[in-house]
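Structure assessment
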Amino acid sequence: MTDNKTIIRFENVTKKYDNDTVLNGVSFEIERGKFYTLLGPSGCGKTTILRLIAGFIEPSEGTISFNGKIINDVPADKRQVNTVFQDYALFPHLNVFENIAFGLRIKKMKNAAIAEKVMEALRFVNLNGYENREISEMSGGQRQRVAIARAIVNEPEILLLDEPLSALDLKLRTEMQYELRELQRRLGITFIFVTHDQEEALAMSDEIFVLNQGEIQQSGTPTDIYDEPINRFVADFIGESNIVPGRMIQDFQAEFAGKRFECVDQGFSPNEPVEIMIRPEDLEITSTELGDLLIKVDSQLFRGVHYEISGYDEAGNEWLVHSTKKAIVGESIGLRFDPEAIHVMRFGETEEEFDRRLEAYAGHEPDSSVPTPTVGGARND
Ligand SMILES: Nc1ncnc2c1ncn2[C@@H]1O[C@H](COP(=O)(O)OP(=O)(O)OP(=O)(O)O)[C@@H](O)[C@H]1O
């Protein structure tokens, strides 16, 4: 059922071009007034989802609803959706004012009303006073804002943004991230933003959909996805991660790198093979005596805020560590980590199964009657 928070709903949407399936049975809901990001590598289907929402293309199978009504064959110009394109698609022969006014003139709005709306849109994107400038006289960041003003002047219910920051240099891009986020809050309309930049997605979004090969791998808040990635693809794509093979001995006890560790995961079959993920910043450098794991340092890079240290454990797994402490290449160091830092990933788990497993953990602390090693401690047996 669609409740009144839901503005867009995809149900088993597939898009094929000839025999190529570019979206494969995708289902999701978009809630009103939030900032969503579609994140994934090139060719995974992000733009295809935007184009389906905008009405530029139709699904091959499945349904798309807008405010509870199926809109599969509603034409683009009848949808309350506007798009900001990667190249901004501004009209070079029109000045800033006329670029923004364009859609309103097509709607045959009166001049006075157009002027009022254009000026309001310019204020929203901090470009008041620029209305008579030519597009060629505007910088990249300013053109970007004109493109946004042109989209919001139509008062859409949803604004689609297809990699709108990719043409900007890093500093301007970071500034525009703040501006866009702030603009979305002030306008209160739904933004659906496409990017392949994970840091951008983490910084800006209320919700992220991580896509790969035409399927949604995982959806959730930035912290959910960063802290609890569902599989190797998501863990690797969002941030840096150490992923090593292991198995779940029993509830709250994982084995990897030849040792057993207390963890916070449960609901696996005894000895089930799994993948273990630990973030580089969750590994703490300590002495070889105190370490849960020993690694021989292979390389070290200074990254400004931290050192990036890599090395190999005795089982041959590579570990990446982010630490403010220095290490010495060629020497052994100990690594310490908490049970919560160990993320256990099940092979082939669907998002529903994954969510159910995680919900089952909530409020269930490891049972103290289960014989497990000390907190974060390793047991050699
Ligand atoms: N009109 C089309 N005809 C055939 N294949 C298409 C068409 N449009 C897109 N595709 C294919 O669909 C797949 C998904 O494309 P899409 O543009 O959605 O990817 P994307 O995730 O937005 O990628 P990028 O980040 O590179 O823009 C790609 O393999 C692409 O080649």
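Figured I'd write up the structure that's included with this text. The structure presented is a predicted model; accordingly, all values stated were derived computationally and were not measured. (Residues numbered from 1 in each chain as written. Predicted model: local features only at pLDDT ≥ 70, side-chain atom pairs only at ≥ 80, totals over all residues.)

1. Quick notes on the overall build of the chain
The line we're drawing: We count a stretch as a helix when DSSP gives it H or I for four or more residues in a row; a strand needs E for two or more, and each element gets its number in order from the N terminus. A residue is called partly exposed when the number of other C-beta atoms within 10 Å of its own lies between 12 and 20, exposed at 12 or fewer, and buried at 20 or more, with C-beta atoms placed from the backbone.
Across its full length, the chain holds nine helices and 21 strands. A principal-axis box enclosing the C-alpha atoms of the chain has dimensions of 80 × 45 × 40 Å. Burial status across the chain gives 34% buried among its 381 residues.

2. Digging into the site of the ligand
The test is simple: As used in this record, a residue near a molecule or strand is one whose C-beta atom, placed from the backbone, is within 6 Å of it. Polarity classes work like this: nonpolar for Ala, Val, Leu, Ile, Met, Phe, Trp, Tyr, Cys and Pro, charged for Asp, Glu, Lys and Arg, and polar for all others, with Gly in that last group.
By nearness alone, every residue bordering the ligand is listed as Y17, D20, V22, G40, S42, G43, C44, G45, K46, T47, T48 and H196. Counting only elements with at least two residues in the shell around the ligand, the list comes to β2 (20–31) and α1 (46–54). With three residues, α1 is the single largest residue contributor to the shell around the ligand. Here the residues of the shell around the ligand sort into three nonpolar, seven polar and two charged.

3. Topic: the pairing of strand β4 (residues 61–66)
Each regular strand shows side chains that alternate between the opposite faces of the sheet. Operational definition: One requirement defines pairing of two strands: DSSP has to find at least two bridges between them.
Bridging between strand β1 (residues 6–17) and β4 involves five bridges; their strand directions are antiparallel. Residue pairing for β4: I8 is matched across the bridge by F66. In this structure, β4 lies alongside strand β5 (residues 69–70), joined through two bridges in antiparallel fashion. Directly across from F66, in β5, lies its bridge partner K69. Here β4 folds back onto β5 in antiparallel fashion, the turn holding two residues, of which N67 has a positive phi close to 50°.

4. Description of the sheet that holds β2
Put simply, the rule is: For every residue pair, C-beta atoms are placed from the backbone, and the pair is scored as a contact if these atoms sit within 7 Å. Axis lines are fitted through C-alpha atoms, for helices just across the contact stretch, and the angle between N-to-C directions can take any value from 0 to 180 degrees.
Taken together, the four strands give an open sheet; going across it, the order is β2-β1-β4-β5, and neighbouring strands pair in antiparallel fashion. One side of each edge strand has no neighbouring strand; the edge strands of this open sheet are β2 and β5. With eight bridges connecting them, β1 and β2 associate as antiparallel partners. Of the residues in β2, the one forming a bridge with R9 is E29. Against the sheet, α1 engages β1, β2 and β4, with an angle of about 120° to β1.

5. Examining the sheet that holds strand β18 (residues 318–323)
The five strands lie next to each other as β15-β19-β16-β17-β18, forming an open sheet whose pairing is antiparallel. Edge positions in the open sheet fall to β15 (284–286) and β18, since each of these has one partner strand only. Looking at each pair of strands side by side, their axes are set apart by 45° on average, direction ignored.

6. Considerations on the nonpolar core
Across soluble globular proteins, nonpolar side chains show a tendency to be buried alongside one another. Let me state the cut-off plainly: Buried Ala, Val, Leu, Ile, Met, Phe, Trp, Tyr and Cys residues form a nonpolar core when they are connected through C-beta atoms within 7 Å. These domain limits were set by an automatic method or by a database of domain assignments.
In this structure, I53, A149, I158, L159, I192 and V210 are the most contacted members of the largest nonpolar core, which totals 86 residues. When residues in this core are grouped by element, the largest group, six residues, is from helix α4 (residues 140–152). Residues from two domains meet in this core; each of domain 1 (6–227) and domain 2 (240–379) gives at least three. When residues no more than four places from it in sequence are discounted, the contact partners of I158 are I7, I8, I53, Q80, V81, I189, T190 and I192.

7. Re the pairing of strand β12 (residues 253–256)
The pairing of strand β11 (residues 242–250) with β12 spans four bridges and is classified as antiparallel. Bridging across to β12, Q250 finds its partner in Q253. The hairpin formed by β11 and β12 contains two residues between the paired strands, and F252 there has a positive phi angle of roughly 65°. Pairing of β12 with strand β13 (residues 259–262) involves four bridges; the strand directions are antiparallel. Bridge pairing in β13 places F256 opposite K259.

8. Some remarks on helix α3 (residues 111–124)
Condition: Take the number of residues in a helix, subtract one, and multiply by 1.5 Å to get its expected span. Think of it as the arc spanned by the lines of direction from the helix axis to the C-beta atoms.
Helix length check: α3, at 14 residues, gives a terminal C-alpha distance of 20 Å against a target of 20 Å (1.5 Å per residue), a fit within 8%. Buried within α3 are the following residues: I114, K117, V118, A121 and L122. The arc that holds every buried residue of α3, seen down its axis, measures 140°, which confines them to one face. Structural note: α3 exposes A112, A113, E116 and R123 on the side pointing more than 90 degrees away from its buried face. Structurally, α3 contributes buried residues whose contacts are with α2 (96–106) and α4.

9. Some words on unusual backbone geometry
Although it is not a glycine, K108 adopts a positive phi angle of roughly 60°. Looking at the secondary structure, you find K108 in the loop between α2 and α3. The exposure class assigned to K108 is exposed, which follows from the 7 C-beta atoms found within 10 Å. Notably, N126 is not glycine yet its phi reads approximately 55°, a positive angle. You can see N126 is positioned in the loop between α3 and α4.

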